[in-house]
Amino acid sequence: MKIVITGGAGFIGSHVVRRFVTKYPTYQIINLDKLTYAGNLENLKDIEHYDNYRFVKGDIVDQAFLETLFSEEKFDAVIHLAAESHVDRSISNPLEFVMTNVVGTVNLLNAFKKHRTNEKGFFYHVSTDEVYGELTDEGKFLETTPYSPNSPYSASKASSDHFVRAYHETYDLPVKISNCSNNYGSHHFPEKLIPLFINNIKNKKPLPVYGKGENVRDWLFVEDHASAIDVIFHKGAFGETYNIGGNNEWTNIALVKLLCKLMDQKLGRPEGDAVKLITYVTDRAGHDYRYAIDSTKLMTKLGWRPSLQFAEGLSKTIDWYLANEDWLNNVTSGAYTEYYKEQYENR
Ligand code: NAD
Ligand code: TYD
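Remember, predicted model here, so these are calculated numbers, not experimental data.

What counts, and where the lines are drawn
Residues numbered from 1 in each chain as written. Chains lettered and ligands numbered in written order. Predicted model: local features only at pLDDT ≥ 70, side-chain atom pairs only at ≥ 80, totals over all residues. Heavy atoms only, no water. Near = heavy atom within 4 Å. Polar contact = N/O pair within 3.5 Å; in protein donor to acceptor, adjacent residues only side chain to side chain. Areas by Shrake-Rupley, 256 points an atom, 1.4 Å probe, with all protein chains shown as cover. Patch = residues over 30% accessible without salt bridge, like charges linked within 9 Å, V, L, I, M, F, W, Y side chains within 5 Å. Salt bridge = Lys/Arg side-chain N within 4 Å of Asp/Glu carboxyl O. Buried < 20%, exposed > 50% of the residue type's maximum accessible area, 1.4 Å probe, protein only. Helix = DSSP H or I, 4+ residues; strand = E, 2+ residues; numbered from the N terminus. Lys, Arg positive; Asp, Glu negative; His and termini not counted. Contact = heavy atoms within 4.5 Å. Pairing = 2+ DSSP bridges. Axes fitted to C-alpha atoms, helices over the stretch in contact; angles between N-to-C directions.

Here the focus is the site of ligand 1. Taken together, the neighbourhood of ligand 1 is formed by 29 residues, with Ile-12, Asp-33, Ser-85, Tyr-153 and Lys-157 sitting nearest. Gly-10 places a main-chain nitrogen or oxygen 3.0 Å from an oxygen atom of ligand 1. Thr-100 is positioned such that a nitrogen or oxygen atom in its side chain is 3.2 Å from a nitrogen atom of ligand 1. Expressed as a share of its isolated accessible area of 830 Å², the protein-covered part of ligand 1 is 97%.

Here is the structure:
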């Protein structure tokens, strides 16, 4: 089976690529990635020599490129993760999100539909729970929750989900969709809350908590997301959506305080040192209050279970960042400084 994984050089994509390449030696895995600021081949150094792995640099917005690639390769399946993924960047530049997340997804659907030869081949679209909008203190997102995206990021992902569904309904294209909660783990770009704060604590820089820090997120270890994608890829039904979550809700401020405590311990600093860096800053525009996922369907129908408790996952994550200083220094040099200034200087 020949599978193209888009966005395989990014945070979640690299974990999915590694899992498929090492666990399924008979599959040929092609990683298609544009290598934006978020894509990094260093993320896959340990598996790049595998015979069943290949990297192709390319942009999913480029129709002509996809036409050539898909007509030559005749992929059996697509696992689509390539995206612009950061909410704050989507607020500054929504159009880029429309291009990659919406136009790029439709281009991929067209290329796959036109060139697929395997009757059993399918398109697996990886998405986010943010398409459902925000929750109050009660309830959780179900697969049947109506879409109500609030940020340009979630609006673009919602649109891409609708196109994938529409290709199933209109053209009978076999598709699968999953919507996952917030991931954390190694190789996470330090623009998102957890890796940003790990990096800032390490460098004794302020920790910019948006608003009062009372927003709630449901955190899942990235390798558990990859294992869910594996299960859905192999056992999920066509035309179905599966929600993936960690059943692990934290207010931002409680999570940041736990992170501070663990970082003080690991860096051998006095207790209470990192907490002093917490700085409350202007809230994110349109900031969703709470996300929480009900993964009952995935657990009961396909037998998936998350493997790690949060404290253990967070501790492993911090250890990875502390052991991979070069990775962190590389991704935070150059354009990152500009990004940081623009997002945080006048907040
Ligand atoms: P990421 O930003 O770390 O990586 C995205 C990858 O896509 C990068 O390697 C980048 O180079 C590539 N890419 C971007 N634009 C491209 C283009 N035009 N053509 C080809 N490649 C391109 O993102 P992530 O956090 O790993 O998320 C992966 C997917 O999972 C996304 O679709 C995202 O919406 C979804 N998701 C993320 C989370 C999360 O917590 N991070 C949760 C649920 C779902
Ligand atoms: P983030 O990691 O950007 O993920 P998402 O917006 O997709 O949930 O943010 C997680 C939470 O942390 C969210 O409620 C916003 C908040 N946050 C901060 O308080 N400060 C920050 O600097 C960042 C990046 C996020």
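Among the surface-exposed residues, Leu-95, Val-98 and Met-99 lie close enough to one another that they form a single nonpolar patch of about 250 Å² accessible area. On the basis of relative accessible area, Val-98 is assigned to the partly exposed category, the value being 35%.

Positionally, Asp-288 belongs in the loop between β12 (278–281) and α9 (296–302). Arg-217 is the oppositely charged side chain nearest to the buried, salt-bridge-free Asp-288, at an N-O distance of 5.4 Å. Engagement of the side chain of Asp-288 in a polar contact is seen with the side chain of Asn-150, the distance being 2.7 Å.

Residue placement: Pro-152 occurs in helix α5 (residues 152–171). Among all residues touching Pro-152, those that are not within four sequence positions of it are Ser-90, Ile-91 and Pro-94.

Moving on, we get to the sheet that holds strand β6 (residues 175–180). One open sheet holds the seven strands; their spatial order is β3-β2-β1-β4-β5-β6-β10, and the pairing between them is parallel. Strand pairing shows two members of the sheet lacking a second neighbour, β3 (53–57) and β10 (240–244), which therefore form its edges. Across the sheet, the mean angle from the axis of one strand to that of its neighbour is 20°, orientation sign disregarded. Bridge count for β6 against β10 is five bridges, and the pairing is parallel. Within β10, the residue paired with Ser-178 across the bridge is Tyr-242. The strands that α5 touches are β5 (122–128) and β6; relative to β5, the one it contacts most, it runs at about 155°.

Read these as geometric descriptors, not functional statements.
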